[in-house]
Protein chains: 4
Amino acid sequence: MAKIAIVYFSGYGHTKKQAEAVHAGAASASGATATLYAIDPEGNLPDSAWDDFDQADAIIYGSPTYMGGPAWQFKKFADASSKRWFTLAWKDKVAGGFTNSASANGDKFSTITYFFTLSQQHGQIWVGTGMKSSNTKADGPDSINWTAGYAGAMAISPADASPDEAPGKGDLETARLYGARIADYAVKTR
Amino acid sequence: MAKIAIVYFSGYGHTKKQAEAVHAGAASASGATATLYAIDPEGNLPDSAWDDFDQADAIIYGSPTYMGGPAWQFKKFADASSKRWFTLAWKDKVAGGFTNSASANGDKFSTITYFFTLSQQHGQIWVGTGMKSSNTKADGPDSINWTAGYAGAMAISPADASPDEAPGKGDLETARLYGARIADYAVKTR
Amino acid sequence: MAKIAIVYFSGYGHTKKQAEAVHAGAASASGATATLYAIDPEGNLPDSAWDDFDQADAIIYGSPTYMGGPAWQFKKFADASSKRWFTLAWKDKVAGGFTNSASANGDKFSTITYFFTLSQQHGQIWVGTGMKSSNTKADGPDSINWTAGYAGAMAISPADASPDEAPGKGDLETARLYGARIADYAVKTR
Amino acid sequence: MAKIAIVYFSGYGHTKKQAEAVHAGAASASGATATLYAIDPEGNLPDSAWDDFDQADAIIYGSPTYMGGPAWQFKKFADASSKRWFTLAWKDKVAGGFTNSASANGDKFSTITYFFTLSQQHGQIWVGTGMKSSNTKADGPDSINWTAGYAGAMAISPADASPDEAPGKGDLETARLYGARIADYAVKTR
């Protein structure tokens, strides 16, 4: 079985919803198992998580976009991964990423680009959404990839929406399809 | 009078609408004059435009986002500006940028970041929108900076919308306010 | 046999040298054939090249960094690839990229990030150098990946160096190893 | 007097050397005072620092590049600045940034681009180095801006070099000139 690790930070629960959708997609892929790893509010993970990452076929990164980039808790995890970087321990593992923020654009692309940059420090193989976007007048937040991420999955959660309300249907389905795509790719190439 | 030059490429007319809104804002600023320069379909500009840029206090860049970056016609202009780069002829001129594309995100941030990178090659001073975004459940395309550009102005024109229909009211007003902000800054600092 | 296409623009011959090194590496991989495609000074390619790309297992992008991004001729090729984007014709093809410029950094990362962004519009799978960098006091331009590209291969050609003199030994060997890595990956995953 | 605040994190002392050079340049500018603020290993600053930032005319950001971006301690500061973002308290303050890492390129541009993105969330005015690079065969680490940052100042400290040895002469002089440029601009425009 291909092992898919999804490591993420969520501040208020919206990115957690997105992570769960990525997980549901990855877990549904034939030949794959998927596990969620939540970075804690101090930017830490249990040692066992690091052991799991070393065994994983794919590591997917997730964080809200705060002040134009990933949350510091995620960056603390990324900096701690330098231990693996020294030996290129994650080389050739599949990578992907997802992010959520309150506004339509709001520098989400900056966070996805950072995930990519991190993955390349590790020598990973990046897999994006592989989707067209829904971009006609008839489309809206319920449409798949209306938020329009190519390199990774993006979601919008308005500032006054609870995690029960947002991300919306389209963003969650996009996350689910993305998780499935990455897992399928990991199964095919392991 | 502070001279504001807005140099842009538009493929189908939507970015032209956005450029005209930036122009209207800049022209409305007390103490400023503003001029639009349209890059032609071959990526060229008349020689007189280059003379004007050399005299300008601010040069604002605009292009649709095509395939994840500015249109090639804009890039041809940027490459031609290397003549000015050799002598740092545009050093300390104010800079800004705007872009339009069919989907909500769709790598617009990549284009704005390129405009910034170009401006820094020239030693220019970058002025972003200076706006918060409209990001509550009650907001939508009619709200100011709902599309949510910070480093520059962003607009959405659905793939099946004519330039009469899109960019929408909120994006055009954002562009107008951005043009006014840059012109005000150029007046204040010249 | 896995087919590796290397499509690049070179203004003065230095990036051509880098492209040839990538090609040599790709062609040396067991089970792979590699072909170079030079974008002409007007930003065009023969129709047959486009047919070849459609059949390729990997498409590698190359351009000098001019004014903080890929040359306009490369961007014209990228914009022309929108025809393939409409049908996601290049989805799941392996991707990579390389760039050369006169100075040590000089915004090379911006060009590599653009290649990545383009590849993700197409739904491609990105493979970086997978190398550590040579970064001790004893290292220099002759060392492998001293220029230190992770997401793609980078090279330095001083402004007064001919294509016979630059890129240097280390950069060319980095390019060769990168070409081999991409080809090996394409063979393994096709 | 224009007040210049330089806020930075340094892990091993090399970025501290760079920060001190930026400070020396800023402090030497006629009509400006400059202060260094070191983010501590837990990512915190004293409350008085935040008060000072609110009064500053320019805020300059500095961090090593770790795993392709600013250190998490810097990002923790950036996330904490969201309190000021809510009220746009730093709008129109001048901004700049600098970074150091062990290899020649090594994703330094990613860190500078993040500093820029942060500054634009705050509505700040970005001032880059305004320098050409030293890029001929005769140039080397002792030359000004040989490392070649345009949007911000870059430095190289080999992995086995102590802070007494690196960053080198050229990088430190580049940092000094950049500090002076930002301070001069803040004086001129306050």
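Bear in mind that the values here come from a model prediction, so they are computed numbers and not experimental data.

1. Observations concerning the overall build of chain A
For chain A, the count of helices and strands is six helices and seven strands. In chain A, the succession of α and β elements from N to C terminus is β-α-β-α-β-β-α-α-β-α-β-β-α. Its C-alpha radius of gyration of 15 Å places chain A within 12% of the 16 Å reference for a compact globule of 190 residues. Each of the three principal axes of chain A carries a C-alpha extent, and together these read 50 × 35 × 25 Å. By residue count, 67% of the 190 residues in chain A fall in the buried class.

2. Considerations on the pattern of salt bridges
As enumerated under the stated definition, the model contains 28 salt bridges over all chains in all. K137 of chain D serves as the salt-bridge partner of E165 of chain C, at 2.8 Å between the closest nitrogen and oxygen. With E165 of chain C in the loop between β7 (153–156) and α6 (169–189) and K137 of chain D in the loop between β6 (125–127) and β7 (153–156), the pair connects residues from two separate chains. Relative accessible area serves as the criterion here: at 44%, K137 of chain D is assigned to the partly exposed category.

3. Observations concerning the pairing of strand β2 (residues 32–38) of chain C
Residue and element names in this part refer to chain C. Both strand β1 (residues 2–8) and β2 contribute to a ladder of seven bridges, which runs parallel. Bridge pairing in β2 places K3 opposite T33. Chirality of the crossover, the property in question, places the unit of β1, helix α1 (residues 14–27) and β2 among those that are right-handed.

4. Some points on the pairing of strand β1 (residues 2–8) of chain D
Residues and elements named next belong to chain D. Across the seven residues that make up β1, a large majority, six, are buried. Pairing geometry for β1 and strand β3 (residues 58–66), over five bridges, is parallel. Its bridge partner being in β3, Y8 is matched across the sheet by G62.

5. Looking at the relation of the copies chain C and chain D
Between chain C and chain D, which share one sequence, the superposing operator has a rotation angle of 180° and an axial displacement of 0.0 Å; the RMSD is 0.0 Å. What we have between these two chains is a two-fold relation. Taking C-alpha positions as the reference, the residue of chain C nearest the rotation axis is N105 of chain C, at 2.7 Å. When the interface residues of chain C are mapped onto chain D, 100% of them again lie at the interface, so the same face is used by both copies.

6. Observations regarding the relation of the copies chain C and chain A
Between chain C and chain A, the superposition needs a rotation of 180° and an axial shift of 0.0 Å, giving an RMSD of 0.0 Å. Comparing interface residues between copies, 100% of those in chain C also sit at the interface in chain A, which points to an isologous, same-surface contact.

7. Considering the interface of chain C and chain D
With 23 residues of chain C at the contact, the number on the chain D side is 23 residues. Carbon and sulfur atoms supply 57% of the area that chain C and chain D bury against each other, a total of about 2000 Å² over both sides. Interface area lost by chain C to chain D is led by N105, F109 and K137 of chain C, which between them contribute 31%. The interface formed by chain C and chain D contains two salt bridges. Seen at the junction of chain C and chain D, the total is 12 residue pairs in polar contact (both at pLDDT 80 or more).

8. Things to note about the packing of aromatic side chains
All names here are of chain B. Under the counting rule described, the total for this entry stands at 68 aromatic pairs over all chains. Taken together, a centroid distance of 5.3 Å and an interplanar angle of 35° make the contact between W50 and F77 tilted. Taken as a pair, W50 in helix α2 (residues 47–55) and F77 in helix α3 (residues 72–80) lie far apart in primary sequence, 27 residues in all. Residue classification places W50 among the buried residues on the basis of a relative accessible area of 12%.

9. A few points about the side chain of K76 of chain B
Within the secondary structure, K76 of chain B sits in helix α3. Put simply, K76 of chain B is tucked away with no salt bridge, and the nearest opposite charge, on E42 of chain C, sits 5.3 Å away. Residues contacting K76 of chain B, with those up to four places away along its chain left out, are E42, G43 and N44 of chain B together with W72 of chain C.

10. A few points about unusual backbone geometry
Cis geometry marks the peptide bond from A166 of chain C to P167 of chain C, where omega comes out at 0°. Along the chain, P167 of chain C turns up in the loop between β7 and α6. Here M67 of chain A, not a glycine, exhibits a phi torsion of approximately 50°, which is positive. The phi dihedral of L88 of chain B is positive, around 50°, even though this residue is not glycine. Here L88 of chain B is to be found in the loop between α4 (82–86) and β5 (94–101).

11. Digging into the interface of chain C and chain A
Chain C puts 26 residues into the contact, and the matching count from chain A is 26 residues. Interface area, chain C with chain A, both sides summed: about 2400 Å², of which 60% is carbon and sulfur. For chain C, the biggest contributors to the area lost against chain A are F116, K132 and Y150 of chain C; these three give 24% of the whole. One can count two salt bridges joining chain C with chain A. Among the ionic pairs, D92 of chain A bridges to R181 of chain C, the shortest N-O distance being 2.8 Å.

12. Concerning the packing of α1 of chain C against α6 of chain C
Residue and element names in this part refer to chain C. Where α1 contacts α6, the two axes come as close as 6 Å, and the packing angle between them is 40°. Put simply, α1 runs oblique to α6. The two elements α1 and α6 meet at a crossing, and its hand is right-handed. Across the interface between the two elements, K17, Q18, A21, V22, A24, G25 and A26 from α1 touch L172, A175, R176, G179, A180 and A183 from α6. Split by residue class, the contact of α1 with α6 holds eight nonpolar, three polar and two charged.

13. What about the environment of G128 of chain A?
Looking at the secondary structure, you find G128 of chain A in the loop between β6 (125–127) and β7 (153–156). Residues G128 of chain A and A159 of chain A lie 31 residues apart in sequence; the distance between their C-alpha atoms is 27 Å.

14. A look at the environment of Y12 of chain B
Residues and elements named next belong to chain B. Counting through the fold element by element, Y12 comes out in the loop between β1 (2–8) and α1 (14–28). Expressed as a C-alpha distance, the spacing of Y12 and M67, which sit 55 residues apart in the sequence, is 15 Å. Apart from residues no more than four positions distant in its own chain, Y12 is found in contact with Y66 and P163.

15. Here we look at the environment of G106 of chain B
Mapped onto the elements of the fold, G106 of chain B is located in the loop between β5 and α5 (108–121). Between the alpha carbons of G106 of chain B and I156 of chain B there is a distance of 9.6 Å; along the sequence they are 50 residues apart. Leave out the neighbours within four places in its chain, and G106 of chain B touches T147, A148 and Y150 of chain A, T65 and S101 of chain B together with Q121 of chain C.

16. So, the packing of helix α6 (residues 169–189) of chain A against α6 of chain C
Close contact between α6 of chain A and α6 of chain C brings their axes to 9 Å; oriented N to C, the two are set at 90°. Compared by their axis directions, α6 of chain A and α6 of chain C come out roughly perpendicular. Contacts between α6 of chain A and α6 of chain C involve Y185, K188 and T189 of chain A on the former and, on the latter, Y185, K188 and T189 of chain C. In terms of residue class, the contact of α6 of chain A with α6 of chain C is built from two nonpolar, two polar and two charged.

17. Digging into the confidence of the model for chain A
Here chain A averages 98 in pLDDT, and 100% of its residues register 70 or above. The ipTM assigned to the predicted complex is 0.98, against a pTM of 0.99.

18. Focus on the side chain of T147 of chain A
Residues and elements named next belong to chain A. Here T147 is to be found in the loop between β6 and β7. Note on T147: relative accessible area 1%, which makes it buried. Separated by 2.6 Å, the side chains of T147 and D171 make a polar contact.

Analysis parameters
Residues numbered from 1 in each chain as written. Chains lettered and ligands numbered in written order. Predicted model: local features only at pLDDT ≥ 70, side-chain atom pairs only at ≥ 80, totals over all residues. Heavy atoms only, no water. Helix = DSSP H or I, 4+ residues; strand = E, 2+ residues; numbered from the N terminus. Rg over C-alpha atoms; globule rule 2.2 N^0.38 Å. Buried < 20%, exposed > 50% of the residue type's maximum accessible area, 1.4 Å probe, protein only. Salt bridge = Lys/Arg side-chain N within 4 Å of Asp/Glu carboxyl O. Pairing = 2+ DSSP bridges. Right-handed = clockwise from strand over helix to strand, strands pointing away. Least-squares fit on C-alpha atoms with pLDDT ≥ 70 in both. Contact = heavy atoms within 4.5 Å. Buried area = accessible area lost by both parts, 1.4 Å probe. Polar contact = N/O pair within 3.5 Å; in protein donor to acceptor, adjacent residues only side chain to side chain. Phe/Tyr/Trp six-rings, centres within 6.5 Å; stacked < 30°, edge-to-face > 60°. Lys, Arg positive; Asp, Glu negative; His and termini not counted. Axes fitted to C-alpha atoms, helices over the stretch in contact; angles between N-to-C directions. Parallel < 35°, antiparallel > 145°, perpendicular 65-115°, else oblique. Left-handed = near helix turned anticlockwise from the far one by under 90°. Nonpolar A, V, L, I, M, F, W, Y, C, P; charged D, E, K, R; others polar. pLDDT = per-residue confidence, 0-100.

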